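# Understanding the architecture of this molecule
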Amino acid sequence: MKPCAVCGTLFYGGPDRFYCPDCAQAKKSGSTLRSRSCQDCGVKFLGGPRAKRCLGCAHKAQLESGRRHKKNGTKRPLGSIDKCVICGNEYAVVSGRQKYCSDACQRIGLLDWQRDHKKGYHKTSGQDAKKQARREQSKKICAYCLRPFSSSSSTNTCSAYCRKENKKLLQCLADIKRGTKRNLKKYEKKREQYREECQNDR
């Protein structure tokens, strides 16, 4: 159990989850605009996932593309025949950027691009180092005493004592589910007393 990095709500999640489900959904539904580096001049600008150039360089590139088109003409006129880059079947060109013969091949091409893009982004963005840094800074809440603690491992308890006592309580619950008579209140009372002691020590 850990506190959400945005709202502080306690939630269960893996080592790389830092937001509760509500805050995570809100972040995903937000804008995809991020700070990008222009591939031509290197200046920082605000753009979407596929943005490669700032406004100035994008305008220059568009003008240069227009000059080349006027000079060389259309390579694939509308109505001409070309081959699908996925299956190799021929198709009639109906768009200047068309690469695929059908919606099925278009979907396969899009998924391939997404995989390659994610692999490249993962290697160049330093995500591993960022995740490790966030793991070291993130706080967990001990399942037994409710004290906050830091740990890069997958443990949900802050100490050997809490781990041992929590294991006893969970074993008691498991035995009760199997039909064995156990005194669950004894373990719960001990846990509540220890939580109060920890609360007073803060």
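Parameters at a glance
Residues numbered from 1 in each chain as written. Predicted model: local features only at pLDDT ≥ 70, side-chain atom pairs only at ≥ 80, totals over all residues. Heavy atoms only, no water. Salt bridge = Lys/Arg side-chain N within 4 Å of Asp/Glu carboxyl O. Helix = DSSP H or I, 4+ residues; strand = E, 2+ residues; numbered from the N terminus. Buried < 20%, exposed > 50% of the residue type's maximum accessible area, 1.4 Å probe, protein only. Axes fitted to C-alpha atoms, helices over the stretch in contact; angles between N-to-C directions. Parallel < 35°, antiparallel > 145°, perpendicular 65-115°, else oblique. Left-handed = near helix turned anticlockwise from the far one by under 90°. Contact = heavy atoms within 4.5 Å. Nonpolar A, V, L, I, M, F, W, Y, C, P; charged D, E, K, R; others polar. Core = buried A, V, L, I, M, F, W, Y, C linked by side-chain atoms within 4.5 Å. Pairing = 2+ DSSP bridges. Patch = residues over 30% accessible without salt bridge, like charges linked within 9 Å, V, L, I, M, F, W, Y side chains within 5 Å. Areas by Shrake-Rupley, 256 points an atom, 1.4 Å probe, with all protein chains shown as cover. pLDDT = per-residue confidence, 0-100. Expected span 1.5 Å × (residues − 1).

### Here we look at the pattern of salt bridges
- Under the criterion given, the structure shown has nine salt bridges.
- In this structure, the salt-bridge partner of Lys 190 is Glu 165, at a minimum N-O distance of 3.2 Å. With a gap of 25 residues between them, Lys 190 in helix 6 (residues 184–201) and Glu 165 in helix 5 (residues 160–177) connect regions that are remote in the sequence.
- According to the relative accessible area criterion, Glu 165 is buried, its value standing at 3%.
- In this structure, a network of salt bridges that share partners links the residues Glu 165, Lys 168 and Lys 190.

### Here's the deal with the packing of helix 5 against helix 6
- Between helix 5 and helix 6, the least distance of the axes is 9 Å, while the angle of their chain directions is 155°. As far as their axial angle goes, helix 6 and helix 5 are roughly antiparallel. Crossing of helix 5 against helix 6: the hand is left-handed. Each of Tyr 161, Cys 162, Glu 165, Lys 168, Leu 169, Cys 172, Leu 173 and Ile 176 in helix 5 lies in contact with helix 6, whose residues at this interface are Leu 184, Tyr 187, Glu 188, Lys 190, Arg 191 and Tyr 194.
- Here the residues of the contact of helix 5 with helix 6 are counted per class, giving nine nonpolar, no polar and five charged.

### Quick word on the nonpolar core
- Counting residues in hydrophobic clusters, the biggest one holds seven residues: Cys 142, Tyr 144, Cys 145, Phe 149, Cys 162, Tyr 194 and Cys 198.
- Ranked by size, the runner-up nonpolar core spans five residues in total, among them Cys 84, Val 93, Tyr 100 and Cys 105.

### Regarding the pairing of strand 3 (residues 34–37)
- Summarising the sheet, strand 3 and strand 4 (residues 44–47) pair through four bridges and their orientation is antiparallel. Residue Ser 37 lies in a different strand from strand 4, and its bridge partner there is Lys 44.
- Adjacent in sequence and paired antiparallel, strand 3 and strand 4 are bridged by six residues, among which Gly 42 carries a positive phi angle near 85°.

### Some remarks on unusual backbone geometry
- Residue Leu 146 is not a glycine yet carries a positive backbone phi of 65°.
- Secondary-structure assignment places Leu 146 in the loop between strand 7 (140–141) and strand 8 (148–149).
- Accessibility expressed as a relative area gives 33% for Leu 146, which makes it partly exposed.

### Regarding the environment of Ala 133
- Note that Ala 133 resides in helix 4 (residues 127–137).
- Note on Ala 133: relative accessible area 32%, which makes it partly exposed.
- As for Ala 133 and Glu 64, which are separated by 69 residues in sequence, their C-alpha atoms are 43 Å apart.

### Details of a nonpolar patch on the surface
- A cluster of nonpolar side chains, contributed by Val 85, Ile 86 and Ile 108, occupies part of the molecular surface with about 240 Å² of accessible area.
- Tracing the sequence through the fold places Ile 86 in the loop between strand 5 (81–83) and strand 6 (90–92).

### With respect to the confidence of the model for the chain
- For the chain, per-residue confidence averages 86 on the pLDDT scale, and residues scoring 70 or more make up 94% of the total.
- No element of the chain has a lower mean pLDDT than helix 4, which averages 72, and none a higher one than helix 5, which averages 94.

### A short note on helix 5
- Between the first and last C-alpha of helix 5 there are 26 Å, a value that for 18 residues agrees with the 26 Å anticipated at 1.5 Å per step.
- Where helix 5 is concerned, the buried positions are Cys 162, Glu 165, Asn 166, Leu 169, Cys 172 and Asp 175.
- Lining the buried residues of helix 5 we find helix 6.

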